[in-house]
Amino acid sequence: MTNKYMLDVLAKVKARNPGEPEFIQAVTEVFESLEPVIEKRPDFVKANILERIVEPDRQIIFRVPWVDDQGNIQVNRGFRIQYNDAIGPYKGGIRLHPSVYMGIIKFLGFEQIFKNSLTTLPMGGAKGGSDFDPKGKSDNEIMRFCQSFINELYRHIGKDIDVPAGDIGTGAREIGYMFGQYKKLTGEWSGILTGKGIPYGGSLARTEATGYGLCYFTEEMLKANGKSFKGQTVVISGSGNVALYACQKAQSLGAKVVAMSDSNGYVYDPNGIDFAYMKNLKEVRRGRVKEYAADHPGSTYTEGYRNIWKVPCHIALPCATQNDIDKPSAEALAANGCYCVSEGANMPSTPEAIEVYFANKMLYGPAKAANAGGVATSGLEMCQNSMRLSWTFEEVDEKLHGIMKNIFAACDSASKEYGMPGNYMAGANIAGFLKVAEAMKAQGCV
Ligand code: NDP
Ligand code: 2IT
């Protein structure tokens, strides 16, 4: 990057956000992609769009006290960043994981701006979460935490203001408790969260949407390059919501998924992952992938979650967490014949890993585009709530499929227009940015 305006803004971002490497990583990637746009658009420089877009509209930090099953009072820290509402109300998930701090929420919120723009639906960017660890907690502890989290957050959200949803550690159970508490506090039934249960305003296919959407996007990318999922070997990291439904859809598109993981290790099944077993293990029993190997003769369990990238595959779908694929992992993938990495998780590849993908001419589906099916379907849930009706699974799935096809087309055409054909990362960043930048410029300096 040589553009002086961009270098100046990036230097300010680094100075203003010390100790937040994930956030700096996300901003740097976007800026590198945007250089040709900024060179062409002096009006964006005049409106100082970049310095404005990197600074959240507001960041909320709050105390989340709750009582554990032993009667002790525990205290966690809650976060919500309302990043940018130029094109619609704030929208983005809630992450519950002990690693959560402001830098994680900020990188996720920043990326959400562009992802939501790519969906073509009217949603701004936001993210929230807490350093609460749901692992090993009882249902009652989860409920008390979620209620306490909403006791503060409720005053900041609203169906036309900010609509949170799930992310790591937040699924239908947590959304249910949060929704119930919001309703109790306000006395209002309102679609203030997405990913709700089907009996109370949730959308069919929202549970499946991120994983299915990832496969729809990847199928488009493969098709544009003369390939498809059919007969291909696939490795998927993670075994949570996104990973599970990526597995199911990849299998239904004719691929063989041979490995999945959790933060402890991975299971390899040369016969192909038994999806029904894995779904029950993770969603009902809340177990570990290690148990899969014990119940499936011929499969093996290996400790260490990054070791999964040493499993030979054609297509890799990282669906766990950020910076999951580092340089050695990317090199192992390339050396074993992997030609496509498509991201279900947010920022799962380090910058050095992405360099390896490009150096090896691998197809690379960037998270902002490839995993946008989750939030897109959240947008469809908001739409159904507003209309006071619900669509069938098939209707939602068809709309999701159409949205993912359009997202791929937008990334592809932006990459070509700006002289980087096949660089879907640049295409996603540019296409996502342009709409938000135009909206910010039109709305003046606010
Ligand atoms: P879940 O909580 O359902 O699953 C997370 C999975 O990732 C688990 O298998 C978890 O293992 C694994 N994991 C491995 N290492 C880590 C780590 N260091 N920190 C956290 N998790 C780890 O989350 P989701 O499936 O919903 O989310 C997965 C990724 O997809 C995230 O990056 C999320 O931001 C992204 N995403 C999610 C969307 C959604 O709709 N849910 C939409 C778009 C993106 P373990 O059980 O051992 O912790
Ligand atoms: O990263 C993401 O896009 C999500 N966790 C989903 C957000 C949403 O509002 O559905």
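Here the structure is a predicted model, which means the values were calculated and not measured.

A. Examining the site of ligand 1 more closely. In the neighbourhood of ligand 1, 25 residues make up the surrounding shell, with Asp167, Thr210, Ser263, Arg288 and Asn346 lying closest. Within the contact set of ligand 1, an oxygen atom lies 2.9 Å away from a side-chain nitrogen or oxygen of lysine 135. Between an oxygen atom of ligand 1 and a main-chain N or O atom of glycine 169, the distance comes to 2.9 Å. Against a free-state accessible area of 890 Å², the protein chains account for coverage of 87% of ligand 1. Of all the secondary structure elements, the ones that give two or more residues to the shell around ligand 1 are helix H8 (206–224) and helix H9 (241–252). The class makeup of the residues in the shell around ligand 1 is 5 nonpolar, 13 polar and 7 charged.

B. The arrangement of the site of ligand 2 in detail. Around ligand 2 sit 14 residues, and of these Lys91, Gln112, Lys115, Asp167 and Ser378 come closest. At a separation of 3.0 Å, a nitrogen atom of ligand 2 approaches a polar backbone atom of glycine 166. Contact distances for ligand 2 include 3.0 Å between an oxygen atom and a side-chain N or O atom of asparagine 346. Contact with the protein chains covers 93% of the free accessible surface of ligand 2, which is 290 Å². Among the elements of the structure, strand E3 (90–96), helix H5 (102–118) and helix H15 (373–387) are those that each provide at least two residues to the shell around ligand 2. Across the shell around ligand 2, the residue classes break down as 2 nonpolar, 7 polar and 5 charged.

C. Here's a closer look at H5. Relative to the 24 Å expected for 17 residues at 1.5 Å per residue, H5 spans 25 Å between its end C-alpha atoms, a close match to the ideal helical length. Along H5, the sharpest kink reaches roughly 30°, centred on glutamine 112. With 17 of its 17 residues buried, H5 lies for the most part within the structure.

D. Local environment of the sheet that holds strand E2 (residues 73–84). A sheet is described by the order of its strands in space; here 5 strands give the open sequence E1-E2-E4-E3-E5, paired in mixed fashion. Two strands in the sheet have a free side with no partner beyond their single neighbour: strand E1 (58–67) and strand E5 (162–165). Here the strands of the sheet are splayed against their neighbours by 20° on average, with no regard to which way each runs. Relative to E5, E3 runs parallel, the two sharing 4 bridges. Among the inter-strand pairings, glycine 93 is bridged to a residue of E5, identified as alanine 165. H5 contacts E1, E2, E3 and strand E4 (124–130) of the sheet and is inclined by roughly 155° relative to E4.

E. Quick peek at the nonpolar core. Counting residues in each nonpolar core, the largest one holds 57 residues, and the members touching the most others are Phe217, Ile236, Met278, Leu317 and Ile407. Of all the elements, H8 adds the most residues to this core, at 8 residues. Excluding its chain neighbours within four sequence positions, the residues that come into contact with phenylalanine 217 are Ser342, Gly365, Ala369, Ala370, Met404, Ile407, Phe408 and Cys411.

F. Region of the structure containing the packing of H8 against helix H16 (residues 393–417). Closest axis-to-axis distance for the H8/H16 pair is 9 Å, and the angle between their directions is 45°. Classified by the angle their axes make, H8 and H16 are oblique. Crossing hand, H8 versus H16: right-handed. Contacts between H8 and H16 pair Glu208, Ala209, Tyr212, Gly213, Tyr216, Phe217, Glu220, Met221 and Ala224 from the former with Phe393, Asp397, Leu400, His401, Met404, Lys405, Ile407, Phe408 and Cys411 from the latter. Residues belonging to the contact of H8 with H16 are distributed by class as follows: 12 nonpolar, 2 polar and 4 charged.

How each quantity is defined
Residues numbered from 1 in each chain as written. Chains lettered and ligands numbered in written order. Predicted model: local features only at pLDDT ≥ 70, side-chain atom pairs only at ≥ 80, totals over all residues. Heavy atoms only, no water. Near = heavy atom within 4 Å. Polar contact = N/O pair within 3.5 Å; in protein donor to acceptor, adjacent residues only side chain to side chain. Areas by Shrake-Rupley, 256 points an atom, 1.4 Å probe, with all protein chains shown as cover. Helix = DSSP H or I, 4+ residues; strand = E, 2+ residues; numbered from the N terminus. Nonpolar A, V, L, I, M, F, W, Y, C, P; charged D, E, K, R; others polar. Expected span 1.5 Å × (residues − 1). Bend = angle between axes of the 7 residues up to and from the residue. Buried < 20%, exposed > 50% of the residue type's maximum accessible area, 1.4 Å probe, protein only. Pairing = 2+ DSSP bridges. Axes fitted to C-alpha atoms, helices over the stretch in contact; angles between N-to-C directions. Contact = heavy atoms within 4.5 Å. Core = buried A, V, L, I, M, F, W, Y, C linked by side-chain atoms within 4.5 Å. Parallel < 35°, antiparallel > 145°, perpendicular 65-115°, else oblique. Left-handed = near helix turned anticlockwise from the far one by under 90°.

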